[in-house]
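# Observations on chain architecture
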Amino acid sequence: MPPFYITTPIYYVNDRPHIGHCYTTLLADVAARFQRLVRGSTPTGTPPAGTADLPSVFFLTGTDEHADKVVTSAAEHGVSPQQWADQNAAEFKRAFEFIGSSHDDFIRTTEPRHRDRVAVYLAALLASGDVYRGEYTGWYDEGQEEYVTENAAREAGFKSTISGKPLVKRTEPCYFFRLSKYQDELRGLIERDEFRVAPDSRKSEVLGRLRPPAVLNDVPISRPVTSDPATQWGIRIPGDPAHRVYVWIDALFNYLSTVDTPARRPLWPASVHLIGKDILWFHSVIWPALLLALSRSGRDWAWVALPRLVFGHGWWVSEGQKMSKSLGNFIDLERLRAYAARFGIDALRWYLVTQGPLSGADADFSHAKFVEVYNADLANGIGNCASRVGNMIEKYFGGVLPPIPSAPPPEAARLRDGALISAAIDSLARVELGEASAAGARLVRAVDEFISATSPFKLAKDLANLPAVGDILYTCAESLRIASLLLAPAMPTKMADLWQRWNCAPPPGVPLAELAKWGGPHALKPGTRIEKGDPLFMRADPAEPAPT
Ligand code: MSP
């Protein structure tokens, strides 16, 4: 199995972390935890010392620090750009610790390990001629720090589509990337799924912009350095320090620079670049074109293959409205912390992962929906089912797990057949992380239905039925153990809690297919103490006000 290398966008250090940033990193975390589970690799990777120790799953997140805005904000706060970047990068690290991210590395683009590699990549592209010096005139969106094409500028009335501020006309000497050379090749690669862009709606969107009559122009990738301090922040063009690398080009290279060491190189190409829909063009066109160019810039670069998949999720909106600074309705970190304090971090993770805008339309963060999903899937779902089973084992068997049934009840067939495990693994392969997690919730519901169909509490009224009751309860507990494996990537803390109570923590190094064999070598052991404990999730009152 090739290594699984997943990335998130690297976040601008100028913003304070909010739901959008936490969401992409959380999705990548769930994907990484699932992949570790499937492969039986260690729970979190540590930066590998040598190739032999290379984790088979590698999860990267980080911060994008060379934007011009960093210089202006730093000045406003009376600190140096580097200090400003340090402070804000630390905020992102704290935010990701709060959401329970298990990333293997956190890259900051101001680190020498990144800056040095970007200079090397550009030197190779300059030598091959795919980066060349010219002059650029165009419409510039100062807020977004990007040029807008003549057509797009006209359509938008020469105003920023994001901030509404007027675009400015700029002419400057500039280095260009020969993007035009790669248009046809990229179109073919995406059409044939040799370079996958998902979901399908995003693939069509990109292809629409690559097919004739669309024509790709070469893109400017540098900005001039002047006496203005704002222009001195960034990585210089090798051999021409009067120019610095445009922040987006610098940023995209993080995915490569982080693993471009002798020990980590086998991790390339990335398996999945998880991104938001707004940065699809950079990731599905500019980035692969840069990589194609680099891979052909000399024999030493032939290993630079294209990433396997770019996956663009939708956006969160808040109570039905787009989040914006002017409306002041961002679901910020404080709000997320308030939800975690009230419902637990795993409940928040569950809501974001299963109800988020992963595969298409935007999703609404609504308090009413949060409570509905919390009660249905968690309090009345896994929480209640685990309590019921634990209570009955306590009541009828003194808290000791009964024997494995010699002939399992016929109603148990659906619990034992492993179909939901295969479904979860299939969903995972399509990066449908909400679906993969929901397979666990479905198994819990099947256990509930099994209890209703077999009525152990009624049977137990007659002592002669105790062996049958034991068969039912073992079946329930073992099925819940398997469900807990599928729920663990989204809810690692609560499931670890359950494993501790039920003495069934999965041993490291065993792949999911083995762990999840019903009644297999890792099944619950009869005679194990099953501790009831408090409910994993207390029911929530929908009338209670939203936490703030
Ligand atoms: N720095 C660039 C990315 C460079 S990657 C080589 C950037 N940073 S960002 O901080 O502005 O945004 C990072 C990610 O957050 C994007 O994927 C964006 O889609 C995501 N989100 C920002 N707001 C969001 C929502 N409201 N909802 C979901 N995700 C959103 O762009």
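About the criteria used
- Residues numbered from 1 in each chain as written.
- Predicted model: local features only at pLDDT ≥ 70, side-chain atom pairs only at ≥ 80, totals over all residues.
- Heavy atoms only, no water.
- Helix = DSSP H or I, 4+ residues; strand = E, 2+ residues; numbered from the N terminus.
- Rg over C-alpha atoms; globule rule 2.2 N^0.38 Å.
- Buried < 20%, exposed > 50% of the residue type's maximum accessible area, 1.4 Å probe, protein only.
- Contact = heavy atoms within 4.5 Å.
- Areas by Shrake-Rupley, 256 points an atom, 1.4 Å probe, with all protein chains shown as cover.
- Lys, Arg positive; Asp, Glu negative; His and termini not counted.
- Charge placed at Lys NZ, Arg CZ, Asp CG, Glu CD.
- Expected span 1.5 Å × (residues − 1).
- Polar contact = N/O pair within 3.5 Å; in protein donor to acceptor, adjacent residues only side chain to side chain.
- Near = heavy atom within 4 Å.
- Nonpolar A, V, L, I, M, F, W, Y, C, P; charged D, E, K, R; others polar.
- pLDDT = per-residue confidence, 0-100.
- Pairing = 2+ DSSP bridges.
- Axes fitted to C-alpha atoms, helices over the stretch in contact; angles between N-to-C directions.
- Parallel < 35°, antiparallel > 145°, perpendicular 65-115°, else oblique.
- Left-handed = near helix turned anticlockwise from the far one by under 90°.
- Phe/Tyr/Trp six-rings, centres within 6.5 Å; stacked < 30°, edge-to-face > 60°.

Bringing the overall build of the protein chain into the picture now. The secondary structure content of the protein chain amounts to 20 helices and 15 strands. Here the C-alpha radius of gyration of the protein chain, 26 Å, is about what a compact globule of 548 residues would show, namely 24 Å. With respect to the principal axes defined by its C-alpha atoms, the protein chain has extents near 90 × 55 × 45 Å. When each of the 548 residues of the protein chain is scored for burial, the buried share is 55%. Residue pairs at least 24 apart in sequence account for 78% of intrachain contacts in the protein chain once pairs closer than 6 positions are excluded. With an accessible surface of roughly 22600 Å², the protein chain has 53% of that area assigned to carbon and sulfur atoms. Computed over 59 positive and 62 negative side-chain charges, the separation of the two mean positions in the protein chain equals 2 Å.

Quick look at helix H4 (residues 112–128) now. In an α-helix, one full turn covers 3.6 residues, which means residues spaced three or four apart are oriented alike. The end-to-end C-alpha distance of H4, which contains 17 residues, comes to 24 Å, matching closely the 24 Å that a straight helix rising 1.5 Å per residue would cover. Residues of H4 that are buried sit in contact with strand S3 (105–108), strand S4 (131–141), strand S11 (240–245), helix H8 (247–252), helix H9 (254–257) and helix H10 (280–295). Positive backbone phi, approximately 90°, marks glycine 129, located one or two places after H4.

Looking now at the side chain of threonine 63. As for its position among the elements, threonine 63 is in strand S2 (residues 57–64). Among the residues examined, threonine 63 registers a relative accessible area of 0% and is labelled buried. In this structure the side chain of threonine 63 is engaged in a polar contact, spanning 2.7 Å, whose partner is the side chain of glutamate 65. In contact with threonine 63, not counting residues within four places along its chain, are Ile10, Tyr11, Val13, Ala89, Phe92, Phe106, Ile107, Arg108 and Thr109.

Its location among the elements puts tyrosine 5 in strand S1 (residues 4–12). Along the backbone, tyrosine 5 and glutamate 150 are 145 residues apart, and their C-alpha atoms lie at a distance of 38 Å. Leaving out residues up to four positions away in the same chain, tyrosine 5 has contacts with Phe58, Leu60, Tyr255, Val259, Leu267, Trp268, Pro269, Ala270, Ser271 and Val272. Here tyrosine 255 takes part through its backbone oxygen, which lies 2.6 Å from a polar atom of the side chain of tyrosine 5.

Turning our eyes to something else, we now look at the site of the ligand. In the region of the ligand, 22 residues are neighbours, and Ile10, Asp64, Gly276, Asp278 and Trp316 sit closest. Between aspartate 278 and the ligand, the recorded distance is 2.5 Å, taken from a side-chain N or O atom to an oxygen atom. One of the backbone nitrogen or oxygen atoms of tryptophan 316 is found 2.9 Å away from a nitrogen atom of the ligand. Here the ligand loses 95% of its free accessible area of 670 Å² to cover by the protein chains. Put simply, the parts of the chain that give the shell around the ligand at least two residues each are S1, helix H1 (19–39), H8 and strand S12 (272–276). Broken down by element, the residue count for the shell around the ligand peaks at four residues, all from S1. Classifying every residue of the shell around the ligand by side-chain character gives 13 nonpolar, seven polar and two charged.

On to helix H3 (residues 81–98). For H3, built from 18 residues, the straight-helix expectation of 26 Å at 1.5 Å per residue is met to within 8% by its first-to-last C-alpha distance of 26 Å. Of all the residues in H3, the buried ones are Trp84, Ala85, Asn88, Ala89, Phe92, Ala95, Phe96 and Phe98. Once H3 ends, the next one or two residues include glycine 100, with phi positive near 85°.

Our focus in this paragraph is the side chain of serine 318. Mapping serine 318 onto the fold places it in strand S14 (residues 316–318). In terms of polar contacts, serine 318 uses its side chain to reach the backbone carbonyl oxygen of asparagine 329, at 3.4 Å. Apart from residues no more than four positions distant in its own chain, serine 318 is found in contact with Met323, Asn329, Ile331, Asp364 and Phe365.

Moving on, we get to the confidence of the model for the protein chain. The predicted model of the protein chain averages 94 in pLDDT, with 98% of residues at 70 or higher. Every residue in residues 45–52 scores below 50 in pLDDT, and together they form 15 contacts with partners more than four places removed in sequence or on other chains.

Moving on: the sheet that holds S11. On the basis of which strands lie adjacent, the open sheet formed by three strands has the order S9-S11-S10 and antiparallel pairing. Edge strands, defined here as strands with exactly one partner in the open sheet, are strand S9 (222–224) and strand S10 (236–237). Relative to S11, S10 runs antiparallel, the two sharing two bridges. Within S11, the position partnered with arginine 236 by the bridge is arginine 244.

Moving on, we get to the pairing of S3. Burial along S3 is two-sided: the face carrying Asp105 and Ile107 and the face carrying Phe106 and Arg108 are both buried. Pairing between S2 and S3: four bridges, direction parallel. Looking across to S3, one finds that leucine 60 is bridged to aspartate 105.

Relative orientation of the contacting elements H1 and H3 amounts to 55°, with a least axis distance of 10 Å. Considering the angle they form, H1 stands oblique to H3. When the axes of H1 and H3 are compared, the crossing they make is right-handed. Residue-level inspection shows His21, Cys22 and Thr25 of H1 in contact with H3, the latter providing Phe92, Ala95 and Phe96. For the contact of H1 with H3, the class distribution of residues is four nonpolar, two polar and no charged.

So, on to the packing of aromatic side chains. One pass over the full model with this rule turns up 32 aromatic pairs. Residues tryptophan 248 and phenylalanine 282 carry aromatic rings whose centres are separated by 3.9 Å and whose planes lie at 0° to one another, so their mutual orientation is stacked. With tryptophan 248 in helix H8 and phenylalanine 282 in helix H10, this residue pair connects regions lying 34 residues apart in the sequence. The exposure classification of tryptophan 248 matches that of phenylalanine 282, with both residues buried. Arranged with centres 4.9 Å apart and planes meeting at 50°, the rings of tyrosine 351 and phenylalanine 370 form a pair that is tilted. Highlighted residues: tyrosine 351 in helix H12 (residues 345–355) and phenylalanine 370 in helix H13 (residues 367–397), separated in sequence by 19 residues. Grouping residues by exposure puts tyrosine 351 and phenylalanine 370 together as buried.

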